[in-house]
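Structural characterization, general
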Amino acid sequence: YKDREPRIAVELAGRDGKPLPAGAVPADVRVSVDLHPEDRWLMQEQLYEVAFFVDGAYVPEEENGDVPRGGIWNTASLEPGRHLLTVTLAGVTGRVGTKTIVIQK
């Protein structure tokens, strides 16, 4: 069925690419975003954008609709405590995949 919403995966790692242990995140976090393999074809036939939000606020970044995608997120400006990182993948035809991860700073 072509109108389903794409499933996305978001992984966090240290700057060196090693998985983060449970607990607080470091100042620099490697964020990797990818589409579920079975949903890749859904988005490859249209334009789409990957967007990031922290605690509901949009995080400006370079617009680019390619996955897999990775980059370094500097968390130094976050207050200590619990935060939500939300990643959305939105296509021009209205398909939107969303994934939210709870982090501790």
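The following paragraphs examine the structure supplied in this document. (Residues numbered from 1 in each chain as written. Predicted model: local features only at pLDDT ≥ 70, side-chain atom pairs only at ≥ 80, totals over all residues. Heavy atoms only, no water.)

What follows is about the overall build of the protein chain. Helix and strand counts for the protein chain come out as one helix and seven strands. Here the C-alpha radius of gyration of the protein chain, 14 Å, is about what a compact globule of 105 residues would show, namely 13 Å. Here the C-alpha coordinates of the protein chain stretch approximately 40 × 25 × 20 Å along the principal axes. Residue burial in the protein chain is summarised as follows: out of 105 residues, 35% are buried. Intrachain contacts of the protein chain at a sequence separation of at least 6 include 63% that bridge at least 24 residues. Split by element, the accessible area of the protein chain, about 6300 Å² in all, is 53% carbon and sulfur. In the protein chain, 12 side chains carry a positive charge and 16 a negative one; their mean positions are 5 Å apart. (Helix = DSSP H or I, 4+ residues; strand = E, 2+ residues; numbered from the N terminus. Rg over C-alpha atoms; globule rule 2.2 N^0.38 Å. Buried < 20%, exposed > 50% of the residue type's maximum accessible area, 1.4 Å probe, protein only. Contact = heavy atoms within 4.5 Å. Areas by Shrake-Rupley, 256 points an atom, 1.4 Å probe, with all protein chains shown as cover. Lys, Arg positive; Asp, Glu negative; His and termini not counted. Charge placed at Lys NZ, Arg CZ, Asp CG, Glu CD.)

Right, let's talk about the pairing of strand β6 (residues 82–91) for a bit. On a regular strand, one side chain projects to one face of the sheet and the next to the other, so that they alternate. Judged by how many residues are buried, β6 sits mostly within the fold: seven of ten residues are covered. Bridging between strand β3 (residues 48–54) and β6 involves seven bridges; their strand directions are antiparallel. Following the sheet pairing, F53 is matched in β6 by T86. Strand direction decides the pairing type here: β6 and strand β7 (residues 96–104), joined by nine bridges, are antiparallel. Across the sheet, the residue bridging to L85 is I101, located in β7. Hairpin connection, β6 to β7: the antiparallel pair is bridged by four residues, and G94 has positive phi, about 100°. (Pairing = 2+ DSSP bridges.)

Before going further, it helps to spend a moment on the side chain of T75. Relative to the helices and strands, T75 resides in the loop between β5 (69–74) and β6. Residue T75 is classed as buried on the basis of its relative accessible area, which comes to 0%. If we ignore the near neighbours within four places in the chain, the residues touching T75 are V25, P26, A27, V29 and K105.

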